[in-house]
Amino acid sequence: MNTPLRRVGVAMMVMMLLLLANATYVQVIKADDYRKDPLNRRVVLDQYSRERGQIIAAGGEPLATVEKTTDRLRYLRKYAGPAFAPVTGYFSTVYGAGGLERAEDDLLNGSDDRLFTRRVSDLITGRDPKGGSLQLTVDAALQQAAFDSLQGVTGAVVAIRPQTGEIIAMASTPSFDPNSLASHDVDEQQTAWKGLTAEDAGLPLLNRSVAGLYAPGSTFKLVVAAAALAEGKTKDSEVDGRPVITLPGTDTTLPNFNDSNCGNGVTASLQEALAKSCNTAFAVLADQLGKDKLTKQAAKFGFDDSDLKVPLSVETSTLGPMKDRPSIYQTGIGQRDVLVTPLENAVIAATIANGGVRMRPHLIHKVLAPDLQVISEDKGDDLADAMEVEHARALRDMMVESEKNTFQGGRLSGVTIASKTGTAERGEDVKATKPNAWYVAFAPAEKPEIAIAVIVENGGDVGLAATGGRVAAPIGRSVIGAYLGSR
Amino acid sequence: MGSPVPGAEGRPPATAGGGTPLAASTSPGLKPPTKRSTELFLLAFAAGLVTIALILVEANQEQELTMNIVWLGLAYMGLLTVAHLAVRWWAPYADPVILPCVAMLNGLGLVMIHRIDLAMADVKLPNNGVWSPAAPKQVLWTAIALVLFCTVLKVLSDHRTLARYGYTFGFVGLIALVLPGVLPSFIAPEINGAKIWLSFGAFSIQPGEFAKILLMVYFAAFLVSKRELFTTAGRRFLGLDLPRARDLGPLIGAWLIGVGIMVFQKDLGSSLLFFGIVLVLLYVATERAAWVVIGVVLFCVGAVIAWKMFGHVQIRVANWLDPFADATNKGYQIVQSLFGLGTGGLFGAGLGGGRPDQIPEANTDFITAVIGEELGFVGLAAVLLIYTVFAMRGMRGALAVRDTFGKLLGGGLAFAVAFQIFIVIGGVTKLIPMTGITAPFLSYGGSSLLANYILVALLLRISDAARSPKATPKPRPQQPAIADQFTVMVERPK
């Protein structure tokens, strides 16, 4: 009877070997697939139950913090509210993350290399690993003011400190409450997400400041003017002043606003052309400069930079292909295929304000370790000399004149503003489609402290009658006023 | 140091149960070492490992080291001591490795059950869920199991006694097996799709766990007594000596019982386990491979029929072929098990570092998945090796014991544990379809623990008989008076 018993013993060994081989397959060979499977919540749960770092405003106001809970996620994310949502973004257990929560996830959840030494010491001392914190460049009061000024309209406001590139406000409407997406109640998250992504919700999760691309309209004339100044023109140089021109080789006409004369109806000074926002002048000027020079000047202001991160990813502003002369004409007035983000338009204003030196726009001032020690500080650096200093000054003077020619709603006393408005036509039937209204500005003109760009979509609250001056300028002025008044 | 005290070397060690080394070396044929000290050392080693595991769980789960833990630990050590002393007294020559293996598995099981308690507390308590910890209950079950273990060792001084009551055991076992299937559901409720429990208010038992051992005793006794019948060859076919058709009776019976378990109790695992054990007993008793071939064919037929006829079997098979096809519903459990094992990887997430709350039935059928997640492949392999050592030691006892009944029963018991582990871990790791049975000694559950401790006691008894030098008293021959005896034809040995 011992022979069959021995054989049964061998069979037992074979069964165990099979189990071991299969366990090797599951736990070693397939392990990574299983670990990274989207249905596997283990890794995610691990991350979510770590104490996530904070996001605080320039003045230390908490924008995103954590609160201890008794459930297994252990920490509930708390946000300052909709005004700051475009900056902070959201952090959802079901829908992932957006905004800085996504862009700086590694740092906030503590897995970033910059936190490596601290992680090692946590491992040794047995402390719970924590995420690093972010101190932003955002001025909390200004952000709130910018958000408030956009109430009732769809649009965005970006404000930059010209000398450093610090983004001091970045508002976008409609916005959302990130707290509802951070809820530990999955049903609440689902309801909130469905509401935010509904067809008629107006894309509240879209941060229009960096992710919205719009035709710049007349605000693009700043770029054309800068290129013209670089080519030896001055603010007194004579440019085309006709009320209407015909695009070369076509029957299409290109009129000034209300078909009005520029200057004497034949020529006008560059300054007057910009102040009155003459389309004909800048269309012809763009044609004279040519595609290459326009492209080069635009690139100096930050166009075609597909890698820009603030650290939110910024959509790439472009001039479009400009295949023929008519399209160059139309490009000259910021129509056709030209597309910019509100951030880029604010950068253009800031660059002019900063004497032609373009500073790298950024949202994060300091990266802090879990114990709030400073790991790194962003002091700002210049990316390009976009203009000569004297050219920048000339353009500033022209913008001051432009401001004087603009609808004066919400005018600030005692502050000189340099600005340019834009009324970007949209769609096939431009007369029946509500335009987008732009206002880019910096102030005080003599010693700029803030540069802003304002976009209001679809004519804001006045619809077809909207112009940049009527709709966007008052918003821009109120934001400038809020900033300068607070200091 | 001074010179050794004269005579100290020769003094028998205080712990060695009886035998004196001096005497053993001089006079041949005297008692071999009992190896009880080896067992004590291994038990202490297992207790140490279990204690470290418990401390790791507590540390990783940020639990304070409460008195509760100390009591659990002390209770465990106390139980080990009792078991060791019982073996010392009643089976001094038993295999010294079997009990430490069991202690290690049972201890690790307790730690994991406690660890899953902590995870469930995390999930349930904030949501006001009804929940009570399982670990204290399992400690209590372990205590009861050890009482049973000691009783068996004490009462059953010779395993051959069991053979005498073979038919009784078989009858009781059969009733225990079918009882939950035929009783109305208020006393035999269907839990998780299987109708294998008897519920008596606060506690419930799985009679099938005990039936497994009772029926094994019966089959071993039956096969030993009728051995000659089964070795009688029928026709030869394809190089196999086929048994005669009428001798197929017991195998067909076992097959019917297995199918019955599957149909009426929807318990695939037990069905497979039961049939596998019978097949091995038959093979060992007859030394005929033909039985295995016939058995496997029968099994395949049964499996195909079951798959065609029953929805729950089809679901199991579909989940096995592609659990990810319905990963959030029907395949959820096996998918979560695979995720846990994969996330654990080679070295595991660390005790207390995994997510056992993600796997349903974590502390019973899927406890090995939790071990694989937290201790990694290395930990799972270690557990498998402990089981292998346990089963091989049992098998060794069966090989060494002198009587055929002991050989058959010992081999069957050892195989039963190995085969059960194959079914449960194979199911959890998707080697075979998931069938839902417990991992012996590891899983939470009183019936399983009680039955398996009885199994250990039997294995220890058999191994004790194998190594014991004392002339084991022959079972009193139950022979009728010589006048009443049949005339026996004596064959010449082949």
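Residues numbered from 1 in each chain as written. Chains lettered and ligands numbered in written order. Predicted model: local features only at pLDDT ≥ 70, side-chain atom pairs only at ≥ 80, totals over all residues.

Caption draft 1: Structural detail: the overall build of chain A. Per the secondary structure count, chain A includes 18 helices and 19 strands. Expressed as a percentage of the 487 residues in chain A, the buried residues total 52%. Pairs at least 24 apart in sequence give 69% of the contacts found in chain A among residues at least 6 apart. (Helix = DSSP H or I, 4+ residues; strand = E, 2+ residues; numbered from the N terminus. Buried ≥ 20, exposed ≤ 12 C-beta atoms within 10 Å, placed from the backbone. Contact = placed C-beta atoms within 7 Å.)

Caption draft 2: Up close: the overall build of chain B. Check the secondary structure of chain B and you find 17 helices and four strands. Taken across its 494 residues, chain B has 48% of its residues classed as buried. For chain B, contacts bridging at least 24 residues in sequence account for 71% of all contacts bridging at least 6.

Caption draft 3: Examining the sheet that holds strand S8 (residues 166-173) of chain A more closely. All names here are of chain A. Spatial ordering of the open sheet is given by S8-S7-S19-S18-S17, a layout of five strands whose pairing is antiparallel. At either end of the open sheet lies a strand with only one pairing partner, and these are S8 and strand S17 (418-424). Neighbour to neighbour, the strand axes of the sheet diverge by 10° on average, direction disregarded. In this structure, strand S7 (residues 155-161) lies alongside S8, joined through seven bridges in antiparallel fashion. Residue Ala156 lies in a different strand from S8, and its bridge partner there is Ser172. (Pairing = 2+ DSSP bridges. Axes fitted to C-alpha atoms, helices over the stretch in contact; angles between N-to-C directions.)

Caption draft 4: Structural context of unusual backbone geometry. Residue and element names in this part refer to chain A. In the segment running from Thr173 into Pro174, the intervening peptide bond is cis, with an omega of -5°. Following the sequence through the fold, Pro174 ends up in the loop between S8 and helix H9 (178-182). The omega torsion of the bond from Ala443 to Pro444 falls at -15°, within 30 degrees of zero and hence cis. Here Pro444 is to be found in the loop between strand S18 (436-443) and strand S19 (450-456).

Caption draft 5: Representation of the sheet that holds strand S2 (residues 62-68) of chain A within the structure. Residues and elements named next belong to chain A. The strand order S3-S2-S1-S6-S14-S15 describes an open sheet built from six strands, whose pairing is mixed. Edge positions in the sheet fall to strand S3 (75-79) and strand S15 (374-377), since each of these pairs with one other strand and no more. Here two bridges tie strand S1 (residues 55-56) to strand S6 (residues 133-136), and the two strands are oriented parallel to one another. What sits directly across from Ile55, in S6, is Leu134.

Caption draft 6: The arrangement of the interface of chain B and chain A in detail. With 41 residues of chain B at the contact, the number on the chain A side is 34 residues. Of all elements in the fold, only helix H4 (98-124), helix H11 (268-286), helix H14 (332-344), helix H15 (367-400) and helix H16 (404-428) of chain B reach the threshold of two or more residues within the side of chain B that touches chain A. Considering each element in turn, the side of chain B that touches chain A owes the most residues, 12 residues, to H15(B). Tallied by class, the residues present in the side of chain B that touches chain A amount to 25 nonpolar, 12 polar and four charged. (Nonpolar A, V, L, I, M, F, W, Y, C, P; charged D, E, K, R; others polar.)

Caption draft 7: View of the environment of Ser478(A). All names here are of chain A. Inspection of the secondary structure assignment puts Ser478 in helix H18 (residues 468-485). You can call Ser478 buried: it has 20 C-beta atoms within 10 Å. Placed 69 residues apart in sequence, Ser478 and Gly409 show a C-alpha to C-alpha distance of 9.8 Å. When neighbours within four sequence positions are excluded, Ser478 is seen to be in contact with Ser149 and Gly410.

Caption draft 8: Representation of helix H12 (residues 289-309) of chain B within the structure. Residue and element names in this part refer to chain B. Taking 1.5 Å as the rise per residue, H12 with 21 residues should run 30 Å; its terminal C-alpha atoms sit 30 Å apart, in good agreement. Where H12 is concerned, the buried positions are Ala290, Trp291, Ile294, Gly295 and Ala306. Angular distribution of buried residues about the axis of H12 spans 130°; they occupy a single face of the element. For H12, the exposed residues lying more than 90 degrees away from the buried face are Val296, Val297, Cys300, Val304 and Lys308. (Expected span 1.5 Å × (residues − 1). Arc of directions from axis to C-beta.)

Caption draft 9: Broad picture of the nonpolar core. Residue and element names in this part refer to chain B. Counting 151 residues, the largest nonpolar core has Ala220, Leu281 and Ala418 as its most contacted members. A total of 16 residues in this core trace back to one element, the largest contributor, which is H16. Setting aside chain neighbours within four positions, we find Ala220 in contact with Leu281, Phe405, Leu408, Leu409 and Gly412. (Core = buried A, V, L, I, M, F, W, Y, C linked by C-beta atoms within 7 Å.)

Caption draft 10: Focus on the environment of His114(B). All names here are of chain B. Along the chain, His114 turns up in helix H4. What makes His114 buried here is the crowd of 26 C-beta atoms within 10 Å. C-alpha separation for the pair His114 and Pro133, spaced 19 residues apart in sequence, amounts to 7.5 Å.

Caption draft 11: A look at the packing of helix H8 (residues 207-225) of chain B against H16(B). All names here are of chain B. At a closest axis distance of 9 Å, the pairing of H8 and H16 adopts a crossing angle of 145°. H8 and H16 meet at a crossing whose hand is right-handed. Only Thr404, Phe405, Leu408, Leu409, Gly412, Leu413 and Ala416 of H16 make contact with H8, whose side of the interface consists of Lys212, Met216, Val217, Ala220, Ala221, Leu223 and Val224. For the contact of H8 with H16, the per-class residue count stands at 11 nonpolar, two polar and one charged. (Left-handed = near helix turned anticlockwise from the far one by under 90°.)

Caption draft 12: Region of the structure containing the pairing of S8(A). The buried fraction of S8(A) is high, at eight of eight residues. Linking S7(A) to S8(A), which pair antiparallel, is a turn of four residues; within it Gly165(A) sits at a positive phi near 85°.

Caption draft 13: Structural context of the confidence of the model for chain B. All names here are of chain B. Residue-level pLDDT values for chain B average 81, and 80% of them are 70 or greater. Residue range residues 1-28 is modelled with pLDDT below 50. Its contacts to residues more than four positions away, or to other chains, number 22 contacts. Note on the complex model: pTM 0.64, ipTM 0.85. (pLDDT = per-residue confidence, 0-100.)

Caption draft 14: Quick look at the packing of H15(B) against helix H17 (residues 446-467) of chain B. Residues and elements named next belong to chain B. Following both chains from N to C, one finds H15 and H17 inclined at 45°, their axes separated by 8 Å at the closest point. Comparing their axes, H17 and H15 come out oblique. Crossing of H15 over H17 shows left-handed handedness. For the pair H15 and H17, the contacting residues are Gly394, Gly397, Ala398 and Ala400 in the first and Leu459, Ile462, Ser463, Ala466 and Arg467 in the second. Grouping the constituent residues of the contact of H15 with H17 by class yields five nonpolar, three polar and one charged. (Parallel < 35°, antiparallel > 145°, perpendicular 65-115°, else oblique.)

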